[in-house]
Each structure stands twice: as structure tokens, then as C-alpha cells.
Amino acid sequence: MEPYNPQELEPKWQRRWEEDALYKSSIDATQPKFYALTMLPYPSGDLHIGHWYAMTPSDARARFKRMQGYNVLFPMGFDAFGLPAENAAIQRAIHPKTWTLRNVEHEREQLRSMGAMFDWEREAVSCLSGYYRWTEWLFLKFYEMGLAYRKKSPVDYCPNCKTTLAREQVIGEERICERCGTPVVKKDLAQWFWRITKYADELLDFSTIDWPEKIKVLQTNWVGRSEGAEVVFKVAPENLPADAKPGEGDLVVFTTRPDTLWGATFMVLAPEHPLVNRITTASQKETVETYQREATRQTEIERLSTEKEKTGVFTGAYAINPVNGARIPVWVADYVLMTYGTGAIMAVPAHDERDFAFAKKFSLPIPVVICPPDWHGEELAEAYHGDGLVVNSGPFDGVMAPHPAVEKVIAWLEEQGLGKGAVNYRLRDWLISRQRYWGAPIPVVYCDQCGIVPVPYEELPVLLPDDVDFMPTGESPLKYHQGFLNTTCPKCGGPATRETDTMDTFVCSSWYQYAYLSPYYKEGEVAHADSSPWDPAELKYWAPVDTYTGGAEHATMHLIYTRFFTKALRDAGLLDFDEPMLQYRCQGIILGEPRDGDCVDVTGHWEGSAFLADHVQVISFKDRESWPAPVRGETRVCGEVLDRDDVSLKVRTSDGAEGEITVVQVGERTTITEPGREGAGSMADILYHLEVEKMSKSKKNVVAPDELVAKYGADTVRAYLMFGWRWELGGPWDSKGIEGVVRWLNRVWALVMEEPYRRETPVPEAERELLRAVHTAIKAVTEDLEGFSFNTVIARLMEYTNALGKAKEAFWGTPRWDEAVSGLLLLLAPIAPHLAEELWSRMGKPYSVHQQAWPTWDAAMLVEDMIEIPVQINGKVRGHVTVAADADEETIKAAALAEANVKATLAGKKIVKIIVPRGRLVSIVVANQDGE
RNA sequence: GGGGGAGUGUCGGAAUUGGCAGACGAGCAUGACUUAGAAUCAUGUGCCGCGAGGCGUGCGGGUUCAAGUCCCGCCUUCCCCACCA
């Protein structure tokens, strides 16, 4: 038999499919459309196994949909603007464009080797002017709509990336940069923002989309809507400066619990609150100013202190509680944030834990909660949980809190003119300015006469100049490019300067799903305000995306931005739906495989507790069988490397769980050799012991898909990535597990290619069984592909392959066999497209397997004639009986009671009842003779 | 502190949504074919026990004829948010 040779047949079919434009997608009104999309890669130079893990199941599903009769669009492109290109330019004197396009070229080839059904005619690369002129166009549109504005404010700045970041791109408590992990600092800068907050409420509505619960929760928390009231407290008149304007003393606070207003005993302002300096009394001035300075510095330094002891100072001023006229002190404290609510709070120490802690520390009044004497246990318990009846609150005593007390108090505040119902969000407007070169220019000009002037639509694109000098500091070269910088004002014709900031790359990827529909639309033609960035006919047919797949790490970045974009584009009249992706599913992450370290055999001598090495001999972890036994001797140390840095090795110098560890110092004069390796080795080449960790180049635990494809073929890699893990969870790579898939695909090959040595005569029962296996497989594979359960898809296909292996001797050469094997190949086509195509053609079937209809199952074929059902006695299985599948309950009961082991177990027991649920199981309940 | 995942053999993971726990693989063991190995094929493989049998889905309760699955109370772990008023 000719062996299965994926290295030969995969490129062959890839060429054929391309020649025949098999995956070209075009509008066809007679067919239902299906827009399948998977997140596009950033062209960093090499696709890693994670890209394959994300993309191949998505491809399999797109292929499945196509066979089901949908007109499928499955495009691919590159998110090609971004910092790494610019850093490469600085480090290696290569232009970002050259670097990027070279990487695109390479990754495109890698993607082709996957054998995916990407429609390359629709490829879009975001750094090309044909693409980014529409990104600029959209900026102008948003500006026109009032969705883009420029504002000076304290913003997050990454000192390493040398640029500002959006709130979403600052991660965690350490407030580190999403890209490089450097802690960000605050800077006061004039920046461009997009008014995503306008859509805050709409972003909370997921009712029309099928997205994972996890992502919906993440986005909901990110938007952080809270309902409550704004209440106006007035600063005591004597604390206001003489030049105070009317209304200046109004201190607006936001609270979610207006029903606790009567319990407010003091107020707290954020240190940055504008009123602080106006109301602080002369005697408190110095204290307050010192505190403000410290608070500013605190936000700039890392705020890592886990012990968050409350700090604050008294302003000397008082305010009047509007609901009861109480005169309460106004404090300044950094636990109140200027960026949330109004930067001022009323403090209710009886109700709020933080207020309580603050009041206690500074001896501020804490009112005692008084329970009415007639409260019972239940009411007290509720009060303990924050629920209860309102007390000491004027007109609201006796009302149930928090509801309906909150609503009643809000209505009352509005009636009295003291406040109003209000909603607050955690979501901030999206800061899109980046102080870097490699991004889409912000199409705006600054004129001394006219101020901010948008570049006219007709003048787009504002091109990134190629002839720029990159600074080692990373500072944008656009600032020094006179040709780019100096321009004339489109309004008055006078001299003006261009905006040198570029847009966040997340802007480019916020609309790429529409860019694919007609890439670089109308390139070379002049655009106008009423143009469209895409072909309206394509949009009408394909959009929105039906199924989107990609990493969950984008939950509060790309995935929220693109929803915002779609809503804004809808309001601009550019499209007529509300959500970009109707269904979204996310995959997990493939982590590095745990491994032993290399073994080192070191000669040297001891100096104190450290062993100084003269010579290090490395024995690779791959040759574990030939490792010498661990040693810790006077002049020799030997064992597995557990860890490594530039100058030392941690070596495990004893067997067993305890693991004695010896530190080996490696100096200038130490020589390192490895058998089979030319020349002197270096510390960086020594592999150290790894637990499960993320893949990274420095740990040398990266799995390269190209190598796997070269060794096993793309179909095997595809199938293994679908089989090895629950797709949505991911997990550590297992280099042995792939062998199971190799064996399977070889069995599939042999199934079609190898005549059986032995023949059997088919019996009718075997034929029914074969048919049942076909239809069972069709049903399971169809349902599991639909439900993104890729690992069980493969398991079911393996089972089916095994069943065919058993049937082969009896059915080889018969129409039944042909039918059964064809079924397997059709089900296999989305998973292993090359192998399926090859075997399909070798069976003499018409090209192409990918243009065949997906098989359907017949429910009648799934029914078995005889079934084996378990018999339980008091919940334990005591035997099995085989009965006709359609046997009635009485027949089944009789069969069960006649079964030998059941009979034996029942001896001397009294049957209480017998249950036969759905005819699939017999459950007998017995009691002992003595009635127990 | 708040929110959301996850916890099943040695490992990856299955379990018509309450119905025989461990599908499908990996690994391991034994056997066949080989001078030998690799490959392949066959068989076995949750744990304890020679056996009958008992015990088993993070832990403790509960509901039920029947619980990995439902309810109550915990533990561990990962992720997100966090002086958010």
C-alpha cells in the first residue's frame, strides 16, 4: 500500500484549490449567506501555535457551514499598525513598513499551509493607505458627529512605549501597560477621545447577540453602571470666598443610597476637587496643600501598598445637609476619586464601611442605629444585610430600605429641588491619541486663527511620510518632519501645523470586518462626506458577522470598541444594524509543555556554599536515558538544571522527592560543551526545568507550527488542535498526544487504500449495525461542530473509523462500504481537508469533496432492535438484561426479575417498588424482611 | 471586598441535562509479528481486595428509587474588577 504522505498531497491540493478559486466568495442572492470571522493576526513575524489553535476550528466550522449549503465568507487580513514595527525600525534600522510587509508576506504563507478556506481576494492590511484613509475618514465622520473631541486631562502614559494609553489598555492593580508590562504614569496632556460613554447603556444590552456569559459579565462590569441620585450640598456661606460666583458653593455628590442621606455626618472631597482650594480656611491651608501634594505624588508613584490605611485632612469648612439642615464638616481624602462620580461624597459611617473606617480614625460622629422595639428576628436579620426599615429620616421613617426607600427619596428630592435621579458609569471615553509614528494619522490641522480644523474629506488620505528619521528614544519622528508638519489651514489658507499623534491601532481593527467586504474600497478616487468606506451592496448581503471567534483577552478592548463602532456607524447612517457579531465564541490558550531541564556534569571546586565551575558538560533532556547519576562531590557536581540565570545554575544533585539543590557559579573562564554541538556552548542554550507556563522565546518552550506541519502535515496538526483540549479552555501542549491523531489518520488512509487480507460474508445484523454507525456519526459530528465541541467531533470520527475497521472484512467492495466510507470522508472534510480530498478523488468521486452537500442522518436508522439495560437494586447495578428496544414495561420488569444475579440479590428481600424510566433502566427498591 | 470560570483515572478529557461514571485518545503493561528494535496489530488498564465484594467525580450535609449533574454550607485554584460612593 502506498503510504499516507501529507507533505506531498497537501501542497498539491492547496495549489489546485487556489487555481480553481474554490474559496472565492461572492454575492449570491439565491443562497443564504454566512459570514464567519476569526480574529486577524498582528504580523509580528511568525505565527505561533495559538494562531492555529484559534483559527483551524473556526475554519473547520466555516467549511461545515459551506457544505450545509450556506454561501460562506471567511476572510483574513493583518492588523498591521503598531509598536513592534517601530521598535524594529529603531533597533535594526529597517523601515516599519518594510518590516511589516515582509512579515505579512511570511505569515500569509504560513496561513496558506494551514489549508484554510480563506478568501484571499478579500485580504485587508490595515497599514496600507487604501485601508487607513478610510480609518481617517471615519475619524472625520466621528468628529462631525461630535463623537471625537480633544481635551487636556490627566492621562495614562507608558514611559517604555513612549505613548499614552486608553483606560482599557492599563491592566490590573499594578496599572501596567497592556503591551509591555511597564507601570504607567499620569501625565497632563491634550489628547483625542472618542465618546464611547454615549453608548454606555446600549453596550449593556446583549439581548440580540449570542456571546459567552463570561464576556458579557466582563463588559457589563467594565461599563459599571450604577443608579442613584445627585444631591446638592451647599457650602456654609461663611466658608466661601468673597468673590464666589452664585452657585459656586454647590457641592454635588453622587450616591447610590439616597435613603441614607439623613445619616450623612461629614463630606469628603477628592484632593483634586476644584472647590478644595476655594473653601479651605486659612488655618487649614498649609495642612491641606501638603496633603494635596502628597496625593498627587502618590498617584504617580506605584500605588502598591496593600495596606490601604485611610488618610485625610479637614478643610476647616462646613456644608449643609439639604435634607435636615445639619452642619457637617468637609474633609479631603484620597479614597475619594476625582475620576468617578462628582469627586465628592457624603459620608454615612453608619452604612458605608469606608466611611465608617474614616470616621473612626478621625473621631468623626457615628450615629447609632436604632431599631424599633417591635422588630422581630427576621427584620433584624434583614437589617444586618443592609435591608431594613428607614429610621430617623423625616418623612421616610418606616419605609423599607433600600427599596422602595431609594425611589421614594429620589422622587422627593426632585420635588424639593434638592437633587435628582442620576446614573454613573465606570466607563471612560476612549483615548485614541498615540505619540508614535506607525499608526493611522489623525486628520486634523491646528491653525493659529481657526484652532482645530479637520482635514477636508476630499484631501484624504493624510499619508504617513516614508522619509523619516527614527529617534532612539522612540519619540515620534513626525514631530520633526517639516514636510509633514507644516501645512496650510484648509479654512483660512494661513500657515498651520498637522496633528502628529496617530490613532490607537484598536481603531483600525474596530471596523475591519466591514473592510473585508470590499478591501481598499475606491482606492485612488476622491472621497467625500457622503461616501461609504465599503461597497453598500456587499455590506447589505454579508453583514453583520454571523460567527466570530477569537481570544477572550479582548473582552474589554477590541470587543467593546467594535461594538461601539458599529453603533456609531449606524448613527452615521453607514449601516443599519446594532451589533457587529451575532455570535461570538472564545478559545483558550495553549501553554508551554512542562519539561525536565538539561543535565549538567560539572567539574570545579567549592568556595563556601557555592560550587565554582571550570567545565560544564551539557547532556540534553532529550537524552534522559543516558544521564549520569546525580552527584555532589568535592570536584564534581552533576544533575538536572532546575533554574538558570546569566551566572549560575541551580542543579538537582540528588534523586527523590526532597531534591537536594546545589548552586553552580559559572564564570568567565568556565567552558561549556555539549556533545554533538559545534564550538563552545553558552548559558542561554542550557534548558532548565519548566512547569506549565505561557510560551515564550526566552524559555524556549515555544511550539512552532511550521515544524509540526513539516513533520506531521497540516491535517494532523489541525485535528490534534481540535482533539487535545476543550477549545474554550486550552491547556499545556502535549507533544506525545499528537501521535494518537497520526495513528488515526493513518488508519483512515488504510481504510480506503488497503484491501482486507481476509474476507467475511456480511450478515443482515452487521449491515444494520454499519448503517447505524454511519447515521450515529453524522448526527454526533453535526451537532458537535454546530456547538463548538471540537474535541468530541474528533472522538466521534475516531469511533466511526474504528467501527468501519471492524466492518471492512465483511463489506469491502460493496455499495454499503462505499456509502459508509464516503460518509466518513464528508464528515472529515472540514477537519482534514487535504486528506479527505485525496481519498475522495481516489475513490473516484467527483471533485471537490468540499463542494459536496453535508450528509444528513435518518432518525429511524439510529434505533436499535435490541438494547441492553441495567438493573439496579437500591441504586446499585446488579445485572443487565437484553430486551427488544420497543419492549413494554411489563416485559422489561419480567426480564429483570428473571436475571440470575438479580434473583440471587433479591432472595429474602421484599420488593417495595419497581421503576422503569423511559424503558432504559430498571430500578428495584427493596426492604429487608424485617421491614428495615 | 465584588463578579465569573474551573475542580472527574497517571495525563488530555467524555457523560440525551437527574439514569450503567471514565467515551475517544495519551501513557503504561502483557502478547503476536520480528535475530532485535521501530512501526503495526491484539488484549488489559479508576482504587482497594486472591475472591465474593467494597470504595470512588475537591470536602461536609440534604432531596431522590437514582446525584459528576439539583439544593444548602465550605475548601482549593485561575481570570476580571476593586477605597466605584
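Predicted, not measured: the structure shown is a model, and the values here were computed from it.

Draft legend 1. Examining the overall build of chain A more closely. From N to C terminus, chain A includes 27 helices and 37 strands. For the C-alpha atoms alone, the extent of chain A along its principal axes is close to 110 × 90 × 85 Å. Put simply, chain A has 932 residues, and 51% of those count as buried. Within chain A, contacts between residues at least 6 apart in sequence are counted, and of these 72% link residues at least 24 apart. Accessible area for chain A stands at about 42800 Å²; split by element, carbon and sulfur atoms hold 52% of it.

Draft legend 2. Main features of the protein's contact with RNA strand B. Around RNA strand B sit 48 residues, and of these Lys 310, Tyr 340, Gly 724, Arg 726 and Arg 743 come closest. Counted by atom, the contact set of RNA strand B within 4 Å of the protein is 60% sugar and phosphate. In the model, a phosphate oxygen of RNA strand B is placed 2.4 Å from a nitrogen or oxygen of the Arg 743 side chain. A distance of 2.9 Å is found between a sugar or linking oxygen of RNA strand B and a side-chain nitrogen or oxygen belonging to Asn 791. Elements supplying a minimum of two residues to the surface near RNA strand B: α7 (213–223), β9 (250–255), α20 (738–753), α22 (790–811), β34 (866–873), β35 (876–884), β36 (909–915) and β37 (922–928). The leading source of residues in the surface near RNA strand B is α22, at seven residues. Of the residues in the surface near RNA strand B, the class split is 18 nonpolar, 14 polar and 16 charged.

Draft legend 3. Highlighting the pattern of salt bridges. Considering all chains together, one arrives at 59 salt bridges under this definition. Here Asp 119 ties to Arg 122 by a salt bridge, and the two come within 3.2 Å at their closest N and O atoms. The pair formed by Asp 119 and Arg 122 is uniform in burial state, with each residue classed as buried. One salt bridge in this structure joins Arg 563 and Glu 579, with 3.0 Å as the shortest N-O distance. Here Glu 579 lies in the loop between α17 (558–571) and β25 (581–585) and Arg 563 lies in helix α17, a separation of 16 residues in the sequence.

Draft legend 4. The arrangement of the packing of helix α23 (residues 815–828) against helix α24 (residues 833–842) in detail. Contact geometry of α23 with α24 gives a least axis separation of 8 Å together with a crossing angle of 150°. Considering the angle they form, α23 stands roughly antiparallel to α24. Both α23 and α24 take part in a crossing whose hand is left-handed. Facing Ser 822, Leu 825, Leu 826 and Leu 828 of α23, the residues of α24 in contact are Pro 833, Leu 835, Ala 836, Leu 839 and Trp 840. Residue composition of the contact of α23 with α24, by class: eight nonpolar, one polar and no charged.

Draft legend 5. Spatial organisation of the packing of aromatic side chains. On inspection of all chains with the given rule, the structure shows 55 aromatic pairs. An aromatic cluster is present here, built from Phe 139, Phe 142, Tyr 143, Trp 192, Trp 194, Tyr 199, Trp 430, Phe 506, Tyr 561, Phe 564 and Phe 565 joined pairwise through their rings. A cation over a ring is seen here: Arg 16 above Tyr 847, with NZ or CZ 3.8 Å from the ring centre. Taking NZ or CZ as reference, Arg 595 lies 5.9 Å from the ring centre of Tyr 688, over its face.

Draft legend 6. The nonpolar core, seen in detail. Formed by 183 residues in total, the largest nonpolar core has its most connected members in Phe 139, Trp 194, Trp 430, Phe 565 and Trp 744. Element by element, the count of residues in this core is highest for α22, at ten residues. Not counting the four nearest positions on each side in its chain, Phe 565 is found in contact with Leu 138, Phe 142, Trp 194, Trp 430, Val 507, Ser 510 and Trp 511. Counting residues in hydrophobic clusters, the runner-up holds 50 residues, among them Val 253, Tyr 291, Leu 364 and Val 406.

Draft legend 7. A look at the side chain of Thr 265. Tracing the sequence through the fold places Thr 265 in the loop between β9 and β10 (266–269). Residue classification places Thr 265 among the buried positions, given a relative accessible area of 14%. At 3.1 Å, the side chain of Thr 265 and the backbone oxygen of Pro 365 are in polar contact. Setting aside its immediate chain neighbours within four residues, Thr 265 contacts Ile 328, Pro 329, Ala 347, Pro 349, Pro 365 and Pro 367.

Draft legend 8. Summary view of the pairing of strand β20 (residues 451–454). The pairing of strand β19 (residues 444–447) with β20 spans four bridges and is antiparallel. Note that in β20 the partner of Cys 447 across the bridge is Gly 451. Counting the residues in the hairpin turn of β19 and β20 gives three residues.

Draft legend 9. Examining the sheet that holds strand β22 (residues 495–498) more closely. An order of β20-β19-β22-β21 is seen for the four strands of this open sheet, with the pairing classed as antiparallel. Pairing within the sheet leaves two strands with one partner each, and these edge strands are β20 and β21 (486–488). Adjacent strand axes in the sheet meet at a mean angle of 40° when their direction is disregarded. Sheet topology places β21 next to β22; three bridges connect them, and they run antiparallel. Looking across to β22, one finds that Thr 487 is bridged to Ala 496.

Draft legend 10. Expanded view of the environment of Leu 40. With respect to the element layout, Leu 40 can be found in the loop between β1 (33–38) and α2 (49–67). Owing to a relative accessible area of 16%, Leu 40 belongs among the buried residues under this scheme. The spacing of Leu 40 and Val 877 is 837 residues in sequence and 53 Å in space, taken between C-alpha atoms. Dropping the residues within four chain positions of it, Leu 40 is found in contact with Met 76, Gly 77, Phe 78, Asp 79, Tyr 512 and Tyr 516.

Draft legend 11. Highlighting the environment of Val 641. Among the secondary structure elements, Val 641 is positioned in strand β30 (residues 636–644). With relative accessibility at 0%, the residue Val 641 sits in the buried group. For the pair Val 641 and Arg 257, spaced 384 residues apart in sequence, the C-alpha separation works out to 59 Å. If sequence neighbours within four positions are ignored, Val 641 has contacts with Gly 597, Asp 598, Val 600, Leu 649, Lys 650, Ile 686, Leu 687, Tyr 688 and His 689.

Draft legend 12. A look at α24. Along α24, eight of the ten residues are buried, which leaves the element largely enclosed by surrounding structure. Lining the buried residues of α24 we find α1 (6–19), α2, α19 (714–723), α20 and α23. Directly after α24, the chain includes Gly 844, whose backbone phi takes a positive value near 80°.

Draft legend 13. Representation of the side chain of Glu 123 in the model. Its place among the elements puts Glu 123 in the loop between α4 (96–113) and α5 (129–144). Side-chain polar atoms of Glu 123 contact the side chain of Arg 108, separated by 2.6 Å. Here Glu 123 is in contact with Met 76, Gly 77, Phe 78, Arg 108, Pro 519 and Tyr 520, once residues within four sequence places are set aside.

Basis of the calculations
- Residue numbers here run from 1 along each chain, matching the order of that chain's written sequence.
- In the order they appear in the text, chains get letters beginning with A and ligands get numbers beginning with 1.
- Residues qualify for local features only when their pLDDT is at least 70, as the model is predicted, and side-chain atom pairs are given and counted only at 80 or more; totals for whole chains, interfaces and linings, by contrast, use all residues.
- Processing note: side-chain calculations cover all non-hydrogen atoms of the structure and skip hydrogens and water entirely.
- Counting from the N terminus, the helices are DSSP H or I runs at least four residues long and the strands are E runs at least two residues long.
- Throughout, exposure labels follow a simple rule: accessible area from a 1.4 Å probe, protein chains only, divided by the maximum for the residue type, with under 20% read as buried, over 50% as exposed, and the rest as partly exposed.
- A contact between two residues is defined here by any heavy atoms of the two lying within 4.5 Å.
- Method for areas: the Shrake-Rupley scheme with a 1.4 Å probe, in which residue coverage is limited to the protein chains shown.
- For this description, a residue counts as near a given molecule or strand if any of its non-hydrogen atoms is within 4 Å of it.
- Pairs of N or O atoms are called polar contacts if they sit within 3.5 Å, as long as, within protein, a hydrogen donor faces a hydrogen acceptor (for residues adjacent in sequence, only side-chain-to-side-chain pairs).
- Residue polarity follows a fixed list, in which Ala, Val, Leu, Ile, Met, Phe, Trp, Tyr, Cys and Pro are nonpolar, Asp, Glu, Lys and Arg are charged, and the others, Gly among them, are polar.
- Salt bridges are defined by distance alone: a side-chain nitrogen of Lys or Arg within 4 Å of a carboxyl oxygen of Asp or Glu.
- Here an axis means a line fitted to C-alpha atoms, over the contact stretch when the element is a helix, while the angle between two N-to-C directions is reported on a 0 to 180 degree scale.
- Between 65 and 115 degrees an angle is taken as roughly perpendicular, under 35 as roughly parallel, over 145 as roughly antiparallel, and anywhere else as oblique.
- Crossing handedness: left-handed means the near helix sits turned counterclockwise from the far one by under a right angle, and right-handed means the same turn made clockwise.
- Put simply, two rings from Phe, Tyr or Trp (the six-membered ring, in Trp's case) pair if the centres are within 6.5 Å, and we call them stacked under 30 degrees between planes, edge-to-face over 60, tilted for the rest.
- In this scheme, the term charge over a ring applies when either NZ of a lysine or CZ of an arginine sits within 6 Å of the ring centre and within 35 degrees of the ring normal.
- Only buried Ala, Val, Leu, Ile, Met, Phe, Trp, Tyr and Cys residues count toward a nonpolar core, and they belong to the same one when joined by side-chain atoms within 4.5 Å.
- DSSP-based pairing: two strands are paired if at least 2 bridges between them are found.

Worth remembering: the numbers are spatial, not functional.
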